[in-house]
Amino acid sequence: MQAAQAKQLDAKSAKEVQTFIEHQHQIQQIQAVVGKITDLCWEKCVSKPGASLTDSEKNCIANCSERFLDTSMFVVNRMQSKQGK
Amino acid sequence: MDGKVTKDSLIAQVKSEMETQLMQDIYNSITSKCFIKCVSRPADKLDKAEQVCLAKCVDRFVDSRQVVTDTMIDRGSRSGDK
């Protein structure tokens, strides 16, 4: 959709828009990961929603997020090492 | 306005569409998660207890997402210092 409209722009502006869109895609990917982690860690850490998040819940969510990212790297490394054999 | 596409208008349009998509995704997550947490036995309407639970659930889920975001930012800035 934007590609067709971008043809109306001069080359310099079109390039700027393209760079911007690529950057936005990166942001979108990060937001997707944040969403996935939030869904998973919500299940693990918040059993009964209260008037605010307790310190225990916050710590659990923070740890959960970090461990999920560690897990992701672990899986990538292990699968890459298996392919190397 | 003559309807001419400008760089700024395109950028504003992309931002707006992405914002809408993000809100939609979050809305879908919260609705599913909080339905599971708060409506254990669906009856002929949402009772007061369920509504109170849902209100807290929505707010706490949003808070939780913020904790996740902050954690990822901290992690990102830590690895950037290496």
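Residues numbered from 1 in each chain as written. Chains lettered and ligands numbered in written order. Predicted model: local features only at pLDDT ≥ 70, side-chain atom pairs only at ≥ 80, totals over all residues. Heavy atoms only, no water.

Asks: Teacher, can you tell me more about the nonpolar core here?
Replies: One recurring pattern in soluble globular proteins: nonpolar side chains tend to sit buried together. Within the largest apolar cluster, 21 residues are counted, with the highest numbers of intra-cluster contacts made by Ile37, Val46 and Ile61 of chain A together with Val68 and Met72 of chain B. Counting 8 residues, the second-largest nonpolar core is a separate cluster that includes Val17 and Phe20 of chain A together with Val5 and Val14 of chain B. (Core = buried A, V, L, I, M, F, W, Y, C linked by side-chain atoms within 4.5 Å. Buried < 20%, exposed > 50% of the residue type's maximum accessible area, 1.4 Å probe, protein only.)

Asks: What is the right way to look at the interface of chain B and chain A in this model?
Replies: As a measure of interface size, the accessible area lost when the parts come together is often cited. On the chain A side, the residues contacting the 29 residues of chain B number 38 residues. Both sides of the chain B and chain A interface together cover about 3300 Å² of buried area, and 66% of this is carbon and sulfur. For the chain B face of the interface with chain A, the top three residues by lost area are Lys37, Arg60 and Arg75 of chain B, together amounting to 18%. There are 5 salt bridges connecting chain B and chain A. As a salt-bridge pair, Asp70 of chain A and Arg75 of chain B come within 2.8 Å of each other at their nearest N and O atoms. The interface formed by chain B and chain A includes 10 residue pairs in polar contact (both at pLDDT 80 or more). Breaking the side of chain B that touches chain A down by element, the ones donating at least two residues are α1 (7-38) and α2 (48-80) of chain B. Counting residues per element, the side of chain B that touches chain A draws most heavily on α2 of chain B, at 14 residues. Considering only residue class, the side of chain B that touches chain A consists of 11 nonpolar, 6 polar and 12 charged. (Contact = heavy atoms within 4.5 Å. Buried area = accessible area lost by both parts, 1.4 Å probe. Salt bridge = Lys/Arg side-chain N within 4 Å of Asp/Glu carboxyl O. Polar contact = N/O pair within 3.5 Å; in protein donor to acceptor, adjacent residues only side chain to side chain. Helix = DSSP H or I, 4+ residues; strand = E, 2+ residues; numbered from the N terminus. Nonpolar A, V, L, I, M, F, W, Y, C, P; charged D, E, K, R; others polar.)

Asks: So what exactly am I meant to see when it comes to the environment of Ser29 of chain B here?
Replies: Mapped onto the elements, Ser29 of chain B comes out in helix α1. Of the residues examined, Ser29 of chain B reaches a relative accessible area of 18% and is grouped as buried. Sequence spacing of Ser29 of chain B and Phe61 of chain B is 32 residues, and the spatial spacing of their C-alpha atoms is 9.1 Å. Not counting residues within four places of it along the chain, the set of residues in contact with Ser29 of chain B comprises Asp39 of chain A together with Phe61 of chain B. At 3.1 Å, the side chain of Ser29 of chain B and the side chain of Asp39 of chain A are in polar contact.

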